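Fold and contact review
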Amino acid sequence: WSFLGKDAIRVIFLKPSTGDLEDQNSSSRMFFRRMSHQLKTPLNIISSGIESIEEEHLELHTQTNLQIARNATKYLSCKINDMMDYFHLESENFALNKEHFNVINLLRLAAEIMRPEAGRRGVTLHLDLSDFSTTVLNDKQRVL
């Protein structure tokens, strides 16, 4: 580039206007709102299918697998809600729903979801809650 001279190339940095940033944020929120709906619809159908199968007389092994599937769909639904919460935080339109709840059940649910994968990897998952406080004050849906 030396044959063009030292001033031949100039880099110009443009700062986006506030309106451009607002348009981008609005587009992002709309995208995630639509994606949330697109993800939740099949997830709700799967949950409904699991519930209808659970009403049948099933072997214990099948019941256990359905319970794991139901818990996993609840977990995924919570993660989708977390994604939406992120955008509500940015827009300052966010509120926690604080309540007292039994965290033992939540920990058991988490262990139940992770136990099959741990078993596939040769790991035994044991949950010892003997010295654990049972009630916490927090937003239960966001702790999941």
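Nothing here was measured: the structure is a model prediction, and the numbers come from that model.

1. Focus on the overall build of the protein chain
- Regarding its fold elements, the protein chain presents 4 helices and 2 strands.
- Here the protein chain holds 144 residues, and the buried ones make up 14% of them.
- In the protein chain, of all internal contacts separated by at least 6 residues, the share reaching a separation of at least 24 is 77%.

2. Some words on the pattern of salt bridges
- Tallying each qualifying case throughout the model produces 3 salt bridges.
- Across the pair R70 and E54 runs a salt bridge whose closest N-O atoms are separated by 3.0 Å. Remark: E54 occurs in helix 1 (residues 18-54) and R70 occurs in helix 2 (residues 60-90); sequence separation between them is 16 residues.
- Residue classification places R70 among the partly exposed residues on the basis of a relative accessible area of 21%.
- Using a relative accessible area of 28% as the deciding quantity, one classes E54 as partly exposed.
- Linking E117 and R121 is a salt bridge whose minimum nitrogen-to-oxygen distance equals 2.7 Å.
- Here E117 falls in the partly exposed class, since its relative accessible area comes to 33%.
- A cluster of three or more residues bridged by salt bridges with shared partners is formed by E117, R120 and R121.

3. Concerning the side chain of D139
- With respect to the helices and strands, D139 occurs in the loop between strand 2 (135-138) and helix 4 (140-143).
- Given the relative accessible area of 1%, D139 is considered buried.
- Not counting residues up to four positions away in its chain, the partners in contact with D139 are A95, L96, N97, K98 and F101.

4. What about helix 3 (residues 103-120)?
- Spanning 18 residues, helix 3 covers 26 Å between terminal C-alpha atoms, matching the ideal 26 Å at 1.5 Å per step.
- Residue M114 marks the point of greatest curvature in helix 3, where the axis turns by about 40°; the proline P116 follows within four residues.
- Along helix 3, the residues classified as buried are V103, I104, L106, A111 and A118.
- Between a side-chain oxygen at the N-terminus of helix 3 and the backbone nitrogen of I104 the separation is 2.8 Å; the capping residue is N102.
- Immediately beyond the C-terminal end of helix 3, within one or two residues, lies G122, with a positive phi of roughly 80°.

5. Side note on the confidence of the model for the protein chain
- Looking at the protein chain as a whole, the pLDDT averages 78, with 77% of positions reaching at least 70.
- Mean pLDDT per element in the protein chain: helix 4 is the minimum at 70, and helix 3 is the maximum at 84.

Procedures and definitions
Residues numbered from 1 in each chain as written. Predicted model: local features only at pLDDT ≥ 70, side-chain atom pairs only at ≥ 80, totals over all residues. Heavy atoms only, no water. Helix = DSSP H or I, 4+ residues; strand = E, 2+ residues; numbered from the N terminus. Buried < 20%, exposed > 50% of the residue type's maximum accessible area, 1.4 Å probe, protein only. Contact = heavy atoms within 4.5 Å. Salt bridge = Lys/Arg side-chain N within 4 Å of Asp/Glu carboxyl O. Expected span 1.5 Å × (residues − 1). Bend = angle between axes of the 7 residues up to and from the residue. Polar contact = N/O pair within 3.5 Å; in protein donor to acceptor, adjacent residues only side chain to side chain. pLDDT = per-residue confidence, 0-100.

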